[in-house]
Amino acid sequence: MNYKISQRAASLTPSLTLAIDSKAKQMKAEGHDVVGFGVGEPDFDTPQHIKDAAAKALAAGFTKYTPAAGIPELRQAIADKHQRENGLSYKPSQIIVSCGGKHSCYNVFMATCEVGDEVVIPAPYWLSYPEMVKLAGATPMIVETTDQTEFKITPAQLRAALTPRTRIFLLNSPSNPTGSVYTPEEIKALGDICVEKGVLIMSDEIYEHLLYDGAVHQSVASFSQKHCEHTILIHGFAKAWSMTGWRLGWTAAPEPIARAMDAIQSHSTSNPTSFAQKGGVVALTGPQDHLPQWLAEFNRRRTYAHQKLNSISGLSCVNAKGAFYLFPNISRTGLKSTEFCARLLETERVAAVPGIAFGADDYIRISYATSMANLEKGCERIEKFCQRLGQ
Ligand SMILES: *Cc1c(COP(=O)(O)O)cnc(C)c1O
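Residues numbered from 1 in each chain as written. Predicted model: local features only at pLDDT ≥ 70, side-chain atom pairs only at ≥ 80, totals over all residues. Heavy atoms only, no water.

Asks: Now, about the pattern of salt bridges: what can you tell me, with residues and values included?
Replies: Throughout the structure, instances matching the rule amount to 23 salt bridges. Ionic pairing is found between Asp-33 and Lys-377, a salt bridge with its closest N-O pair at 3.1 Å. Of this pair, Asp-33 sits in the loop between helix H2 (16-29) and strand S1 (35-36) while Lys-377 is found in helix H14 (residues 372-390), placing the two residues 344 residues apart along the sequence. Among the residues examined, Lys-377 registers a relative accessible area of 32% and is labelled partly exposed. Between Glu-186 and Lys-152 there is a salt bridge, and its shortest N-O distance comes to 3.0 Å. Here Lys-152 lies in the loop between strand S4 (139-144) and helix H7 (155-161) and Glu-186 lies in helix H8 (residues 184-197), a separation of 34 residues in the sequence. For Glu-186, a relative accessible area of 30% gives the class partly exposed. (Salt bridge = Lys/Arg side-chain N within 4 Å of Asp/Glu carboxyl O. Helix = DSSP H or I, 4+ residues; strand = E, 2+ residues; numbered from the N terminus. Buried < 20%, exposed > 50% of the residue type's maximum accessible area, 1.4 Å probe, protein only.)

In structure tokens:
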């Protein structure tokens, strides 16, 4: 038998975050005391009232197919959220609910891109974006940024990256992996260029609610009707409601794009899980009082880790105003990120993700979605590791 693998699949780079994670899990299983800074999900449980709503729906037999784009009640709740929190007027028909924000991104590329199209992606980027662009047959155009600009792309860099083939500019603020947050002025400046050039903006706003130091989030869609017409907004329940395993995310998009995504979804996954959608409704319409507590705890850890990492000889770390990641610069250690992380795991039993996975080889990603005790233990081990390197 010839198990020929499609060019499409063969061209993908397997996820390095998952590889590190499985190595760390294996070491744990062998009895090693491993500190995990690799995970990209909150360490808090889904709020109880959301779990109750899904359990109730399940018990009541809400277990059948729903419309492929999601139940009307959820699409309405999402439209209401955008009106209330972002000042955006979407019709429920412009909202497509998918099996996670990742699936939303994938369907956007499938609905809008083809061979010859270019997607401009600022690095450091969420590692799935370029691979999803390739799956859609299009070409990722990477624009590098550094900690000198807090990992933010400048308007001049965006202009220089645009060509007549540019279909989408990808904006992710707050950012995974850097935690950077663009100011409203910075977002508007980038949005203005896309409007001027007729380029779509895919705005991944899944970390919208995870902000610190008084940072504010403003959706690029909110600056004018024109901005909204150029924006495909990605969001989901994974981060601010800690629902990663529920697989529930959404897209708010101009009607023709929403219709195309609905068609794609109707022939691939069909609807996201019926009773999970009922949980999603309550996540948006119910109390949000879990969030201030989570933010206070995340902020305490962020403050500690930022200060500790900066005190370590060989590292420097800009403070991030969002999400739950820090992205320290390791270039002064003389190691590239893969070797740094492999040796850190081997010798000190700390799992961090090499920046090369995100297109930035001089950095590593530290997720502080772990307990304060773990964070302290892990940071102290990183300090010891760097001290040995320096000797
Ligand atoms: C976590 C995440 C998502 C969505 O994750 P899902 O689990 O698929 O909902 C989307 N974008 C970024 C940048 C993320 O970090």
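Following the structure, the description resumes.
Asks: Tell me about the environment of Glu-150, residues and numbers included.
Replies: Within the element layout of this structure, Glu-150 appears in the loop between S4 and H7. Here Glu-150 falls in the partly exposed class, since its relative accessible area comes to 30%. Counting along the chain gives 147 residues from Glu-150 to Glu-297, while the straight-line C-alpha distance between them is 23 Å. Dropping the residues within four chain positions of it, Glu-150 is found in contact with Ser-180 and Lys-321. (Contact = heavy atoms within 4.5 Å.)

Asks: Go over the nonpolar core, please, and point to the residues and values.
Replies: Within the largest apolar cluster, 66 residues are counted, with the highest numbers of intra-cluster contacts made by Phe-237, Leu-309, Phe-340 and Ile-382. Of all the elements, helix H12 (residues 290-311) adds the most residues to this core, at 7 residues. Each of domain 1 (7-46 + 290-389) and domain 2 (48-285) gives at least three residues to this core. Apart from residues lying up to four places away in sequence, Phe-237 is in contact with Leu-74, Ser-242, Met-243, Leu-248, Trp-250, Gly-280, Ala-283 and Leu-284. With 34 residues, the next largest nonpolar core counts Leu-127, Ala-138, Met-202 and Ala-357 among its residues. (Core = buried A, V, L, I, M, F, W, Y, C linked by side-chain atoms within 4.5 Å. Domains from an automatic or database assignment.)

Asks: Quick one: what's the story with the pairing of strand S6 (residues 200-204), residue by residue and with numbers?
Replies: Buried residues dominate S6, accounting for 5 of its 5 residues. Every second residue of S6 is oriented toward a common face, with Leu-200, Met-202 and Asp-204 on one face and Ile-201 and Ser-203 on the other, all of them buried. The pairing of strand S5 (residues 166-172) with S6 spans 5 bridges and is classified as parallel. Among the inter-strand pairings, Ile-168 is bridged to a residue of S6, identified as Leu-200. As a crossover connection, the stretch from S5 through H8 into S6 is right-handed. Inspection of the sheet shows S6 paired to strand S7 (residues 231-236) by 4 bridges, in the parallel sense. (Pairing = 2+ DSSP bridges. Right-handed = clockwise from strand over helix to strand, strands pointing away.)

Asks: How would you explain the domain arrangement of the chain if you had to name every residue and give the values?
Replies: According to the domain assignment, the chain consists of domain 1 (7-46 + 290-389) and domain 2 (48-285). Each partner contributes residues to the interface: domain 1 has 39 residues there, and domain 2 has 37 residues. For the pairing of domain 1 and domain 2, the buried interface totals around 3200 Å² over both sides, and the portion due to carbon and sulfur atoms is 59%. The three residues of domain 1 that bury the most area against domain 2 are Thr-46, Lys-321 and Phe-358, which together make up 23% of that side's buried surface. A salt bridge links Lys-51 to Asp-45, with the nearest nitrogen and oxygen atoms 2.7 Å apart. Taken together, the connections running from domain 1 to domain 2 amount to 19 residue pairs in polar contact (both at pLDDT 80 or more). Elements with a contribution of two residues or more to the side of domain 1 that touches domain 2: H2, H12 and strand S9 (325-326). (Buried area = accessible area lost by both parts, 1.4 Å probe. Polar contact = N/O pair within 3.5 Å; in protein donor to acceptor, adjacent residues only side chain to side chain.)

Asks: Got a sec to walk through the site of the ligand? Specific residues and values, please.
Replies: Every one of the 13 residues lining the ligand counts as a neighbour, but Gly-101, Asp-204, Tyr-207, Lys-239 and Arg-247 are closest to it. Lys-102 is positioned with one of its backbone polar atoms (N or O) 2.9 Å from an oxygen atom of the ligand. Interatomic distance of 2.7 Å between a side-chain N/O atom of Arg-247 and an oxygen atom of the ligand. Burial of the ligand by the protein chains amounts to 94% of its free accessible area of 380 Å². Classifying every residue of the shell around the ligand gives 5 nonpolar, 4 polar and 4 charged. (Near = heavy atom within 4 Å. Areas by Shrake-Rupley, 256 points an atom, 1.4 Å probe, with all protein chains shown as cover. Nonpolar A, V, L, I, M, F, W, Y, C, P; charged D, E, K, R; others polar.)

Asks: Quick rundown of the packing of H12 against H14? Include the residues and the values.
Replies: The packing of two helices is summarised by the inter-axis angle and the distance between the axes. Where H12 meets H14, the axes come as close as 10 Å, and the angle between the chain directions of the two elements is 10 degrees. Judged on the interaxial angle alone, H14 and H12 are roughly parallel. Of H14, the residues touching H12 (which contributes Glu-297, Arg-300, Arg-301, Tyr-304, Ala-305, Lys-308, Leu-309 and Ser-311) are Met-372, Leu-375, Glu-376, Cys-379, Glu-380, Ile-382 and Glu-383. Of the residues belonging to the contact of H12 with H14, the class tally is 7 nonpolar, 1 polar and 7 charged. (Axes fitted to C-alpha atoms, helices over the stretch in contact; angles between N-to-C directions. Parallel < 35°, antiparallel > 145°, perpendicular 65-115°, else oblique.)

Asks: Could you give an account of the sheet that holds S4, naming the residues involved and the relevant values?
Replies: Overall, mixed pairing links the 7 strands, which are arranged S2-S8-S7-S6-S5-S3-S4 in an open sheet. Unpaired on one side and paired on the other, strand S2 (95-98) and S4 mark the two borders of the sheet. Neighbour-to-neighbour, the strand axes of this sheet turn through a mean angle of 20 degrees, independent of strand direction. Against the sheet, helix H10 (residues 255-266) touches S2, S6, S7 and strand S8 (249-252), its axis set at about 30 degrees to S2.

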